[in-house]
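The primary structure of each chain is shown beneath.
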Amino acid sequence: MAMQRYLVDYRRLSADALAKWSSVPSSVASDALNRCQSMDSRIKPMVPGMRICGQARTVVTMPGDNSMVHHAVSLADPGDVVVVAGGGLDDVALAGEWVVRCCKRRALGGLVVDGSVRDLHEIRGLGLPVFAKGAVARGPHKNFGGKMDVTAAIGGVPVNPGDLILGDEDGVVVVPLAFADAALTQSLALLERERKWTEQIEAGATLVDVLGVPPLEIVPAE
């Protein structure tokens, strides 16, 4: 299989929009998207506290081969998040120190791998947001093929080049670019609603009161 890069043209989100998105938790973004668009729950930050926010550059690998990952991190633009469909193979690392170091040097927004990575000690030191299913010592092969900038199924969610990738310790959410503006407006409204809920709870209200949960049916003892 050849290594192929597809030429795509998508709308770039403004710096202001990305700055606003960076304050939105993944859970709120998912709520704004009808509680959908969340990747596989095993895909988590490799360093606690990491957050990721940027537009996607997609990679589809041959299982166990990371040649296309090398191309992608060398071609993606500053701020982009490289998202990798690993073919369901978790016992081979598709990225490690050198891939992450290249991402860092080129000011990419981060790396999401539907699979495993390695060199966690070095990744922690580099500080670039890296999300994956886990870590494994076994490294990948090269030059068997892959694709870049295509629609890819990553963590069970379709991802297109340019889609917004938002991640934190709860996981990763994909915001389709076509819905990004409306989803941001909805997310900010949800954050304001949650702020008010917090104030009410701290003032002594119960969750039943705050959320309007229907009253209990009282069943007499027999």
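Bear in mind that the values here come from a model prediction, so they are computed numbers and not experimental data.

S.K.: Would you mind showing me how to read the overall build of the protein here?
M.R.: Scanning the protein from N- to C-terminus turns up seven helices and 13 strands. With the C-alpha coordinates of the protein rotated into their principal frame, the extents come out at 70 × 45 × 30 Å. A burial count over the protein gives 45% of its 222 residues as buried. Considering only residue pairs separated by 6 or more positions, the protein has 77% of its internal contacts joining residues 24 or more positions apart. Charged side chains in the protein number 22 positive and 26 negative. The centres of these two groups are separated by 8 Å.

S.K.: Would you mind showing me how to read a nonpolar patch on the surface here?
M.R.: Taken together, the side chains of I201, L207, V208, L211 and V213 define a hydrophobic patch exposed on the protein surface, amounting to about 420 Å² of accessible area. In terms of residue count, the dominant contributor to the nonpolar patch is helix α7 (residues 207-211) (three residues). Considering the arrangement of structural elements, one finds L211 in helix α7. Exposure remark for L211: the relative accessible area of 44% places this residue in the partly exposed category.

S.K.: Help me understand the nonpolar core in this model?
M.R.: Where a protein is soluble and globular, its nonpolar side chains tend to be buried together. By size, the foremost hydrophobic cluster in this structure holds 24 residues, and its most contacted members are V82, V84, L111, V117 and V130. At the level of secondary structure, the elements contributing two or more residues to this core comprise α3 (67-75), β4 (81-85), α4 (97-105), β5 (110-114), α5 (120-126) and β7 (130-132). It is α3 that contributes the most residues to this core, four residues altogether. V117 has contacts with M46, A93, A95, I123, V130, A132, G134, A135 and V136, leaving out every residue within four places of it along the chain.

S.K.: How should the UniProt feature "binding site: substrate" (unreviewed entry) in the protein be read in this particular structure?
M.R.: Mapped onto this structure's residue numbering, the UniProt feature "binding site: substrate" (unreviewed entry) falls at G96, E97, W98, V99 and R118. Spanning 23 residues, the named residues nonetheless gather at one spot, since no C-alpha pair among them exceeds 10.3 Å. Within the secondary structure, G96 is located in the loop between β4 and α4. Mapped onto the secondary structure, E97 falls in helix α4. The class for E97 is buried, based on a relative accessible area of 13%. Aside from chain neighbours lying at most four places away, what touches E97 is R118, D119, E122 and L126.

S.K.: It is not clear to me how the pattern of salt bridges should be interpreted in this structure. Could you clarify?
M.R.: Oppositely charged side chains may form a pair once their charged atoms are brought near each other. As enumerated under the stated definition, the model contains 18 salt bridges in all. For D16, the salt bridge is made with K20, and the minimal N-O distance between the two is 3.4 Å. Placement of both D16 and K20 in helix α1 (residues 15-21) is noted, with a separation of four residues, approximately one turn of the helix. Using a relative accessible area of 37% as the deciding quantity, one classes K20 as partly exposed. Measuring nitrogen to oxygen at the nearest pair gives 3.6 Å for the salt bridge that ties R57 to D77. Placement of the pair is R57 in strand β3 (residues 52-61) and D77 in the loop between α3 and β4, with a sequence separation of 20 residues. Assessed through its relative accessible area of 34%, D77 is described here as partly exposed.

Calculation criteria
- Residues numbered from 1 in each chain as written.
- Predicted model: local features only at pLDDT ≥ 70, side-chain atom pairs only at ≥ 80, totals over all residues.
- Heavy atoms only, no water.
- Helix = DSSP H or I, 4+ residues; strand = E, 2+ residues; numbered from the N terminus.
- Buried < 20%, exposed > 50% of the residue type's maximum accessible area, 1.4 Å probe, protein only.
- Contact = heavy atoms within 4.5 Å.
- Lys, Arg positive; Asp, Glu negative; His and termini not counted.
- Charge placed at Lys NZ, Arg CZ, Asp CG, Glu CD.
- Patch = residues over 30% accessible without salt bridge, like charges linked within 9 Å, V, L, I, M, F, W, Y side chains within 5 Å.
- Areas by Shrake-Rupley, 256 points an atom, 1.4 Å probe, with all protein chains shown as cover.
- Salt bridge = Lys/Arg side-chain N within 4 Å of Asp/Glu carboxyl O.
- Core = buried A, V, L, I, M, F, W, Y, C linked by side-chain atoms within 4.5 Å.
- UniProt positions renumbered as here; feature names shortened; annotations may be inferred.

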